[in-house]
Structures are given as C-alpha cells and as structure tokens.
Amino acid sequence: MKNVDTVQPLGHAPAAGSSHPTWAPAAKDAVGTALGTGRLWFTMAQGIVTEVYYPRPDIPQLKDLGFIIADDQGFWVELKRLGQYSVVWHDDAIPAITVEHTHARFKLVLRICADPRCDVLLVDYSLTGDPGLQLYVLAAPRIGADAAHNAAGTGEWAGRPVLWAAHGPYGLALAAVDREGRTALLQRSVGVVGASDGWQDFHHNGAMRWHYAAAGPGEVALTAQLSTTGTLALGLSTSREAAATLALEALCHGFDACWESYCGAWARWLDGIPWPAGLDSVLSDGGRRLLRRSAAVIKSHADHTFPGAFVASLSVPWGESNPSLGGYHLVWARDLVETAGALAAMGCLDDALQILIYLMATQQADGHWLQNQWLGGKPFWQGIQLDETAFPILLASSLAERGALGAVQVHDMVRRALTFIAREGPATGQDRWEEDAGVNTFTLAVTIAALVEGSRFLSGREADCALMLADAWNSRLEAWTWARGTDLARRIGVPGYYIRTAPADVLIEAGARSERVPIKNRAHVVNPEADDQLAIDCLQLARYGLRTVNDPAMSASITAIDAVLRCDTPNGPVWHRYTGDGYGEHPDGAPFDGWGRGRGWPLLTGERGHIALLAGLNAGPYLDSMMWMAGKGGLLPEQVWDENAIAERGLYPGQASGSAMPLVWAHAEFIKLALSMAAGAPVDRPALTWARYGGQRPQLDYALWQPRQRIRKLTAGQHLRVLLPEPGRVHWGRDGWQQRIDTETEDWGLGHVALLPVSDLPAGSVVDFTFYQPLRDAWQGEDFHITVV
C-alpha cells in the first residue's frame, strides 16, 4: 500500500480539449437530505452517490462520487459499471441508504447519509474479500453547476490530507479516516476529465500511476486510494478551506453518531404523519412501504432557504447526455400544488400552508405564476400556462376547507390570479405538458374549479363574476373540445371524444377544431388536425366534478383513452399523455434529444385509478401497477419503457426509462390515490366545485360574450352578458341595428359586465353590438352579431 508522502506529485495535470459536460443518469436509486440545519442534498444511481446539491437543491456541486476496486496488477473494475448491487433504505422509508456491491472477488458495503449539523455528506465504506484488492474513490465536481471552470488540487488542512475543488463562491473538500481515526486518503491525484483524471489513469495503466497536485480550470476530477474500511466526508461551503473544516469536523464527530441523529430526525417526522384510518385495509405491505417512502421523497425535495419551495426532481432527464443547467431541479407551480395536495391529504397542513405562502411571495404583478423558476423566484422558462395560475387558488381553498389558513390573508392573491384568468382564459398559452396553446380540458377543469373555489374569498359582484365565468365556460366544454364522428372515433367504435387541445380560434369559430395542432417533440411528421388528437387530460373533468364518469361524452372518452393511450407492461398498465407524443427515447432506445417517442407515465396510471374509483371500481390494481413500476430503490419514474427490452441500454418494459426519477408529482399522485381509496373519493377534489356541479353541465339563463370567446348564438329566453377587461359602453341593437341602445358596463371586480335584456327576442333574431372603451377613448372598430336560436 502506497502512502501519499512517498509519491512525488507531478505538478499540474494535463488538460483535455473541448468538453461538453453532462450529468449522471436520471434514474435514481435514492434521494436524501438532513432535516436539521444542513443545506445539502444527495442522490444515488448505479449504486454510487451522484449529484450533490448545496446550499439549495437547484445548485448542483458534484456530478458523482464513485469507486474503483483494483489489485495494482492490472485488474480493476468501476462500481457504477458493474451493476451488481442492492439498495436498502433505513426502516424502508428513511433516506439513510445502505448499498452492497458484490463481485466474485469482493464485497463493498456503503452507508450514506448527510450530517444533520453541517453541510457534509458522509459515506461509510467497508471492502472485504480478496486481500490484494485496494479501494479508490473518484469524485467529479460541478462547482456552482459549472464544469468548465473548476480548479482542483491536493493539499492539507489542519495537518490532514484533503482533496478539494473550488469555483466562484463555493468550495468542496474530500477527507477520510479509517476505523482508528487516522487519515484514510493515501495516494491522491487530481486531473482534467478525459485527459488526466483517475479513470483515464486506470484505463491506460490498469492501476493508479498518476499523482497530479493541481488541475484546471476546467472539468476536473478527484482521485484517491483509501483504506479498505473507513468513512469519507464530502464538505461543501463558501471556500475550499471552510469545506475542509466542515468535513474534518464531521469525521471527528463519528459516522455512527451522525447516522443515528439523521435517522432519528427522519423517524420523528414520518411518525408524526397522521395517516387516516382505513389505510391498512386497502394497501398491501408493499403499498404501505411505498406510501411512507413517497412521503420521504417529497420531503427530501424541500428547500431550506426558501421555505415552501420544492423542486420537481433532484435529477436531470437523460442526464448522461443532457448538459442542461435546469433539469428538473426547478419549481413549477403546478407540481408544487400537486405536492401540497398530497401533504394536505396526509395531514401535514403546516407544510402545505408554507407552500401557499411561497407561492404568494412569487406571484407575478399581473396575477400569474411563471412557467417555472429557480427557488429564489428568478424565471427559467417563461411560457404562460393558465392551470399554473389556477392551482394556487385551489390550494388556498383546500386549506380554507380544512381550517388551516390561520392568519394568512389570501384575498389579494386570489383576486389577482382570477383577474388574470378572466382576462386571458379560457385558452392557455401552453397546456400542462408545456407544449401547445389553445383550449385544453385539463386546463379548463383546473381554471373552472379555481373560479368556483376562489369565489369563497370574494364577495358581492366580484364573487358573482367568478361564478359566472365558471358556469359559462363549463357549459361550453363540449362546444369547444368534443369531436364527433372522426376517423379515429370510428376506428375505436365511439361516437366521439374530448380532444387533446382545440386551437384558440375555436372560441370564435367552431370549425377551428379541424386546424392542425403541432406535436412539438416529433421530427419529420405532419401535424394532425386537432380533432384527430386524443389525450388523457379530460379525466380531470370527472376528478373535479365537472362531469360524471357516466356522462356520455366522458364515458366515450374513457373508452377511447383506454383503447389508444393504454399500454400493458409486465408491471401493469400505463398510459401515454396523448397520441403522437414525442417526449421520450427514440425507438432504438437512444436518449431524448429534442425529439423521440413518448412513453408511459406511471402518474397517469394514478390519474386513471382515480377515475376507476369514481366509477365505483377497485382502484387497487392501478396503485399496485405504480408500485411495481418503481425502480430498484423504490422511486417512481416520470416514464417507463413500454416496448421490447433493449438490454444494452438498460431498457426493460414496465421499468424506468432514462427520464426523471424520482418525479415528485408521481409520488404525490401515489399518495393521493392511496388516500383516496381509503376515503372512497378523490382527496383533492375541490369541495365547492363538486357541490356546485355534481358532474352536471350547468343550464344557464344567459349567454356570455368575451373578446377572447365570441359566441355566435344564444338560446331563445337567454339574456346576453358582455364581459370586458376594462370599463366600456356597449352600443347594441337588433336585426340590422334596429332599436339602438347604449348600455354602460358595471364593475364586477374581475371585469366589467354589460347586461343586455334580449331574453324576449324570438328565434331567428340577431343581436348586433360593438363597444366603446373610455380609458382608451376608442371604439372597438368591429361589429359583432349573435343569432337567437
């Protein structure tokens, strides 16, 4: 065994050429963080530590920390390529992880946790087997999420050997001790990835022969020979020296003490969840394990700097080929409220309320929320998704229903969000899959529910306006999004179905359903017409009580969805998002690179399970399918592979693809389905919406016209309401501008309404109108005509 003091450092490591650094595989075995004062998050994949984040879960600092086993005679194996390992979560749900790697010549046992007292990741290790084998650690820093400008070095701190790296305001240090507390970093080297890193050393020499003292700036890596048993400490701080101090402090404290403290905090949180009675009768043992683990997964994605902020996943989809800085370690308002819905259903009302407060703090001036954002609120993508403006209102109402708002005042947040919805809806700039603009059934379900639920925080005309919009949009769902007698419908054997997304022009001209809607993740395809595209999104109409599952339109759509979007795998059925989806691996299994072929989503199996529950059927098989689709570490993936196995790419039907794993939204859906089964109804259904509609299409004594949704007909006996975003005067008449009248709008809070008394007009009459806007001192410059039928 060589000691670092006997090896002469070679100076600065040679650099590589151009580099395009990527991330670790997206399919994780585990995620974790300490529930104390620490600000460090870790993930695991392929049996090793992968990304480590500090001081927030949107700032990765390390790509991976792995191991090589070698005998200094030419034999060597890298553990992450070996693939023979098991993963065990402490007490099934606590993210203190034990990994056991096995080989004919050795066994390596790793225990991993974060120090709850400081920002240090601890890895306890024990190598047994062939006594001629030695253990080496390889670490790939990504300081500040930037691989291109890291500097690395070997050194000493407080008289103890360390490896470290730094860039900008962050530093990383790696130290180790054996069982007697002596230094366990023996040979050490740093290098530039692809030229002088430790892997290249073993690849070229079959042993550790390089001992460079400095490397970078660039994409760097750290390598060291370790004792066969001991503890590694990876410290992160504002400088490499501070990181080294933290690492050494954690080692002095001892691994077992940190493990016990870490596990104790998690056990107290998990034991404090007030799970409802009746769960044992509807869940299998595996279901109960995944339920508790799902709760821990959600909690592990919470930030400690911005309370209430949760990232969507501690992974980068197809990370091994993806250089994206964002990945899924960002905040989406939709995912965040789905997470809050699970926490509220679990009884973790303080956590759900903190999410609402975070959302209130990051609401934009005009009332909407960003498409997604960094934890501190800085925009990442900037599309407009109307459901993301509606979801926080549903959360506020859900907490109010539970008496959990406390002193938090939500009226201003609700009013601004509903004003935005009233002005921009019912069409959305993007659907929930962040692709197409238009009228989407999922978005409609959420926004209509938000209008109803938000009315509880309003009063007078303001509340009336919210309910008027909700009723009017609900009454026109089929006029906008139902396709009848299409080729697809005839092939399936149904009269019609709710389409994926109707072009926004459908709000003005019904024939717009024949316009083509793009499928944005497919290359070299002719975009089909809107009424030939089917999606699973319409299920939300039943889940939120706008339609019953037995409604003819909903029943036909469910039949169509099961016929076209369902895929059966060895682990159970899974559903695709929509026909022609391109967000997934290529047919040959190559990673998604802007286009591909969409795969099945386990969370959609959960959505389909809620519909089975509403139909009075057993939702257990859907929950079990989600459970069986979990990965080796019991985490739920965004997508599963749903074609024949491609072993060389690690793709097997019913198992995780290269997409994000875990997906917090999927774990939230698993929790909600389990709790819905115990409750006998969806636990996230909006109470006021369910009570108002009961699944029935509203029958109205008025017709509503808006600049963005221009009706052409009203039924005899209805009066006409014109809703404008600002004050106005409606100039109107009948049958060719006879009997002209001016009607001033009234302020209804979310907009300005003119009531036109035309209910006495017989069928065949025509209402003619235009309007003047005094704030702009301008007439609309266009005449509108509505026929009485």
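Each remark here, short or long, concerns the structure printed above.
Remember, it's a predicted structure, so these values are computed and weren't measured experimentally. (Residues numbered from 1 in each chain as written. Predicted model: local features only at pLDDT ≥ 70, side-chain atom pairs only at ≥ 80, totals over all residues. Heavy atoms only, no water.)

**Details of helix 11 (residues 441–454)**
Compared with an ideal rise of 1.5 Å per residue, which puts 14 residues at 20 Å, helix 11 spans 19 Å between its outermost C-alpha atoms and is within 8% of the ideal. Summarising burial for helix 11: 14 of the 14 residues are buried, a large majority. Capping of helix 11 at its N-terminal end is provided by Asn-440; its side-chain oxygen lies 3.0 Å from the backbone amide nitrogen of Phe-442. (Helix = DSSP H or I, 4+ residues; strand = E, 2+ residues; numbered from the N terminus. Expected span 1.5 Å × (residues − 1). Buried < 20%, exposed > 50% of the residue type's maximum accessible area, 1.4 Å probe, protein only. Polar contact = N/O pair within 3.5 Å; in protein donor to acceptor, adjacent residues only side chain to side chain.)

**Some words on the environment of Thr-745**
By the element assignment, Thr-745 lies in the loop between strand 28 (738–744) and strand 29 (746–747). With a relative accessible area of 15%, Thr-745 lands in the buried category. Considered as a pair, Thr-745 and Val-722 are 23 residues apart in the sequence and their alpha carbons are 8.3 Å apart.

**Brief notes about the state of the cysteines**
As enumerated under the stated definition, the model contains zero disulfides in all. With no disulfide of its own, Cys-113 lies 6.2 Å from the sulfur of Cys-258, the closest cysteine sulfur. We classify Cys-113 as buried; its relative accessible area is 0%. Of all cysteine sulfurs, the one in Cys-113 lies closest to Cys-263, which takes part in no disulfide; the gap is 6.7 Å. Overall, the relative accessible area of 6% leaves Cys-263 in the buried class. (Disulfide = S-S within 2.5 Å.)

**Regarding the nonpolar core**
By size, the foremost hydrophobic cluster in this structure holds 241 residues, and its most contacted members are Phe-67 and Leu-232. The element best represented in this core is helix 19 (residues 664–679), accounting for ten residues. If sequence neighbours within four positions are ignored, Phe-67 has contacts with Val-77, Glu-78, Leu-79, Leu-108, Leu-110, Val-123, Leu-135, Tyr-136, Val-137, Leu-138, Leu-226 and Leu-232. Core analysis: the next-biggest nonpolar cluster, separate from the first, contains 19 residues, Trp-705, Val-722, Leu-724 and Val-730 among them. (Core = buried A, V, L, I, M, F, W, Y, C linked by side-chain atoms within 4.5 Å. Contact = heavy atoms within 4.5 Å.)

**Comments concerning the sheet that holds strand 30 (residues 752–756)**
The strand order across the open sheet built from four strands is 24-26-30-29, with neighbouring strands paired in mixed fashion. Strands at the two margins of the open sheet, each flanked by one partner only, are strand 24 (702–705) and strand 29. In this sheet, strand 30 lies alongside strand 29 in antiparallel orientation, the contact comprising two bridges. Along strand 30, the bridge assignment pairs Asp-747 with His-752. (Pairing = 2+ DSSP bridges.)

**Let's talk about the pairing of strand 31 (residues 766–773)**
The side chains of a regular strand alternate between the sheet's two faces. Among the eight residues in strand 31, seven count as buried, and that is most of the element. Pairing between strand 27 (residues 729–734) and strand 31: six bridges, direction antiparallel. Residue pairing in the sheet places Val-730 in a bridge with Phe-771 of strand 31. In the sheet, strand 31 pairs with strand 32 (residues 778–779) via two bridges, with the strands oriented antiparallel. Among the inter-strand pairings, Gln-773 is bridged to a residue of strand 32, identified as Ala-778. With antiparallel pairing between neighbouring strands as the criterion, strand 31 and strand 32 make up a hairpin whose turn holds four residues, including Asp-777 at a positive phi of roughly 50°.

**Let's talk about the sheet that holds strand 9 (residues 120–129)**
Strand order across the open sheet formed by nine strands is 6-7-8-9-17-13-12-11-15, with antiparallel pairing between neighbours. Of all strands in the sheet, those with a lone pairing partner are strand 6 (85–90) and strand 15 (214–218), marking the two edges. Shown here is a sheet whose adjacent strand axes are inclined to one another by a mean of 20°, direction ignored. Note: strand 11 (residues 150–157) against strand 15, three bridges, orientation antiparallel. Across the sheet, residue Gly-153 finds its bridge partner in strand 15, namely Ala-214. Relative to strand 7 (residues 94–103), helix 4 (residues 255–271) is tilted by about 130°, and along the sheet it contacts strand 6, strand 7, strand 8 (106–114), strand 9 and strand 17 (229–237). (Axes fitted to C-alpha atoms, helices over the stretch in contact; angles between N-to-C directions.)

**Remarks on unusual backbone geometry**
Pro-55 follows Tyr-54 through a cis peptide bond whose omega is -10°. Here Pro-55 is to be found in the loop between strand 3 (48–53) and strand 4 (60–70). The step from Gly-216 to Pro-217 runs through a cis peptide bond, and the omega angle for that step is 5°. For Pro-217, the location among the structural elements is in strand 15. Phi at Asp-72 takes a positive value of approximately 65°, unusual for a residue other than glycine. Counting through the fold element by element, Asp-72 comes out in the loop between strand 4 and strand 5 (76–78). The backbone of Asp-777 shows a phi angle near 50°, a positive value even though the residue is not glycine.

**Notes on the side chain of Gln-363**
Its location among the elements puts Gln-363 in the loop between helix 8 (349–362) and helix 9 (386–401). Among the polar contacts made by the side chain of Gln-363, one reaches the main-chain carbonyl oxygen of Met-413 at a distance of 3.1 Å. Once residues within four sequence positions are removed from consideration, Gln-363 is found in contact with His-368, Trp-369, Met-413, Arg-416 and Ala-417.

**A few points about the packing of helix 8 against helix 9**
Two elements in contact, helix 8 and helix 9, have axes separated by 10 Å at closest approach and are oriented at 140°. Of the two elements, helix 8 crosses helix 9, and the hand of that crossing is left-handed. Counting all contacts with helix 8, which are made through Leu-349, Ala-352, Leu-353, Ile-355, Leu-356 and Leu-359, the residues of helix 9 involved are Pro-392, Leu-395, Ala-396 and Leu-399. Class assignment of the residues belonging to the contact of helix 8 with helix 9 gives a composition of ten nonpolar, no polar and no charged. (Left-handed = near helix turned anticlockwise from the far one by under 90°. Nonpolar A, V, L, I, M, F, W, Y, C, P; charged D, E, K, R; others polar.)

**What about the side chain of Asp-431?**
The topology assignment puts Asp-431 in the loop between helix 10 (411–424) and strand 18 (439–440). Contacts of Asp-431, omitting those with residues within four sequence positions, involve Gln-385, Asp-436, Asn-440, Thr-443, Arg-500 and Thr-501.

**Quick notes on helix 2 (residues 198–205)**
When helix 2 is considered as a whole, its buried residues turn out to be Gly-198, Gln-200, Asp-201 and Phe-202. Looking at the buried side of helix 2, the elements it contacts are strand 4, strand 5, strand 10 (134–141) and strand 16 (220–226). Residue Asp-197 occupies the N-cap position of helix 2, its side-chain oxygen lying 2.9 Å from the main-chain nitrogen of Trp-199.

**Here's the deal with the pattern of salt bridges**
By the definition in use, this model includes 54 salt bridges. Asp-178 serves as the salt-bridge partner of Arg-182, at 3.0 Å between the closest nitrogen and oxygen. Judged by relative accessible area, which is 13%, Asp-178 ranks as buried. With a shortest N-O distance of 3.2 Å, Arg-776 and Glu-726 are connected by a salt bridge. Remark: Glu-726 occurs in the loop between strand 26 (719–724) and strand 27 and Arg-776 occurs in the loop between strand 31 and strand 32; sequence separation between them is 50 residues. Given a relative accessible area of 13%, Glu-726 falls into the buried group. Three or more residues are tied together by salt bridges with common partners; here these are Asp-431, Glu-435, Asp-436, Arg-500, Lys-520, Arg-577 and Asp-581. (Salt bridge = Lys/Arg side-chain N within 4 Å of Asp/Glu carboxyl O.)

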